[in-house]
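Below are the chains, spelled out letter by letter.
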Amino acid sequence: RHSIQTFKNNISIFFLNSAPCFPDSYFPRFFLNSRKRAAGLMFSVGKRVEVSFDREDWRDTWFPATILEDIGNDSFLVEYHCEDAAPLRATVNFLHIRPCPPHLKDKNFVLLEKVDAYYHSGWWPGVITKALADCRYNVFFKHTKRDGEFSHTDLRPHMEWKDGKWFTSSQVRNLLSHDSEYGF
């Protein structure tokens, strides 16, 4: 037995033996389209944002940037700085752009806390491995397998941008463990 049920939002679901069946691409396309629409509304010319790039050596690194133009196709022309060079321009799609995270008051970080360290003109994810004197910290970067010493002014709590909201690392862990309980 099969049936098709259409909901108020014009989404139709095919049921086979009373179980809903979705094409493999249904959920990713639905959520991607939602994210695309949100990106177009959220990012306007002149807005300060952060961008990432598909380069192995910059993996999970976010660079402060300014939107210069919405060039369509869910892509934006941005300007960012890299070291002491003149400003650079790049085209990024909506998957590689996010608003700047909220500024959280200066805080003392704890051992093994996930942080972002401002290094080489970008925010690199790392982990606090040692608290030093004068509000300085040693941070280990998993992707490069290197560590460095940073002032607390060059650190911020690590946050993830998911579904239009900011989450701290502990909130992301809670969401993931909640999802895994239900098999997602």
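Residue numbers here run from 1 along each chain, matching the order of that chain's written sequence. Where local features are concerned, this predicted model is filtered to residues with pLDDT of at least 70; where side-chain atom pairs are given and counted, the filter is 80 or more; whole-chain, interface and lining totals use all residues. Side-chain measures were taken over the full set of non-hydrogen atoms in the model, leaving aside hydrogen atoms and water.

**Points about the pattern of salt bridges**
The salt bridge criterion pairs a side-chain nitrogen of Lys or Arg with a carboxyl oxygen of Asp or Glu, the two atoms within 4 Å. In this structure the tally under the stated criterion is 5 salt bridges. Residues Glu149 and Arg136 are paired through a salt bridge, measuring 2.8 Å at the closest nitrogen-oxygen approach. Taken as a pair, Glu149 in strand β12 (residues 146-151) and Arg136 in strand β11 (residues 136-141) lie far apart in primary sequence, 13 residues in all. For every residue, the accessible area (1.4 Å probe, protein chains only) is compared with the maximum for its type, and the residue is labelled buried under 20%, exposed over 50%, or partly exposed between those bounds. Using a relative accessible area of 46% as the deciding quantity, one classes Glu149 as partly exposed. Classification of Arg136 by relative accessible area gives partly exposed; the value is 29%. Helix and strand definitions here come from DSSP, where helices need a minimum of 4 consecutive H or I residues and strands a minimum of 2 consecutive E residues; each element is numbered from the N-terminal end.

**Quick notes on the sheet that holds β11**
Hydrogen bonds between backbone atoms are what pair the strands of a sheet, whose relative direction is either parallel or antiparallel. With antiparallel pairing, the 5 strands of this open sheet are ordered in space as β12-β11-β10-β9-β13. Unpaired on one side and paired on the other, β12 and β13 (155-157) mark the two borders of the sheet. The sheet shows a mean angle of 45° between the axes of neighbouring strands, direction not considered. By the bridge criterion, 3 bridges tie strand β9 (residues 114-119) to β13 in an arrangement that is antiparallel. Bridged to Asp116 within β13 is Arg156. Should DSSP find at least two bridges between two strands, the strands are taken to pair. To define axes, lines are fitted to C-alpha atoms, for helices over the stretch in contact only, and angles between the resulting N-to-C directions are given on a 0 to 180 degree scale.

**Re unusual backbone geometry**
The backbone phi angle of Asn73 is positive, close to 55°, even though this residue is not glycine. Positive phi, normally seen in glycine, also occurs at Leu112, with a value near 70°. Looking at where Leu112 falls in the secondary structure, it is placed in the loop between β8 (97-99) and β9. For Leu112, a relative accessible area of 62% corresponds to the exposed category.

**Examining the sheet that holds strand β4 (residues 48-51)**
An order of β7-β6-β5-β4-β8 is seen for the 5 strands of this open sheet, with the pairing classed as antiparallel. Since the sheet does not close on itself, it has two edges, and those belong to β7 (88-93) and β8, each with one partner. Pairwise comparison of adjacent strand axes, ignoring direction, gives a mean angle of 45° for this sheet. With 6 bridges connecting them, strand β5 (residues 63-72) and strand β6 (residues 75-80) associate as antiparallel partners. When the sheet's bridge partners are listed, Asp70 is paired in β6 with Phe76.

**Points about the nonpolar core**
In this structure, Val51, Phe53, Val78, Tyr80, Ile97 and Leu155 are the most contacted members of the largest nonpolar core, which totals 25 residues. Within the residue set of this core, elements represented by two or more residues are β4, β5, β6, β7, β9, β10 (122-132) and β11. The contact rule is simple, with two residues in contact once any of their heavy atoms fall within 4.5 Å. Ignoring sequence-local partners within four residues, the contact set of Phe53 consists of Trp58, Phe63, Tyr80, Ala90, Val92 and His96. Joining through side-chain atoms within 4.5 Å is the link that ties buried Ala, Val, Leu, Ile, Met, Phe, Trp, Tyr and Cys residues into a set, and such a set is a nonpolar core.

**Brief notes about the packing of aromatic side chains**
By convention, a stacked pair of Phe, Tyr or Trp rings (six-membered ring in the case of Trp) has centres within 6.5 Å and planes under 30 degrees apart, an edge-to-face pair has planes over 60 apart, and any other such pair is tilted. Under the counting rule described, the total for this entry stands at 13 aromatic pairs. Taken together, a centroid distance of 5.1 Å and an interplanar angle of 55° make the contact between Trp161 and Trp166 tilted. One aromatic cluster is present, formed by Phe53, Trp58, Phe63 and Tyr80 through successive ring pairs. As a reminder, the over-ring test applies to NZ of lysine and CZ of arginine, requiring each to be within 6 Å of the ring centre and within 35 degrees of the ring normal. The ring centre of Trp58 lies 4.0 Å from the NZ or CZ of Arg55, which sits over that ring. Across the ring face of Trp123, the terminal group of Arg156 is positioned such that the distance to the ring centre comes to 4.1 Å.

**Considerations on the side chain of Ser151**
Residue placement: Ser151 occurs in strand β12. Beyond its immediate chain neighbours, meaning those up to four positions away, Ser151 contacts Cys135 and Arg136.

**Side note on the environment of Thr168**
For Thr168, the position within the fold is in strand β15 (residues 165-168). Linking Thr168 and Pro157, residues 11 residues apart in sequence, is a C-alpha distance of 7.3 Å. Setting aside chain neighbours within four positions, we find Thr168 in contact with His158 and Met159.

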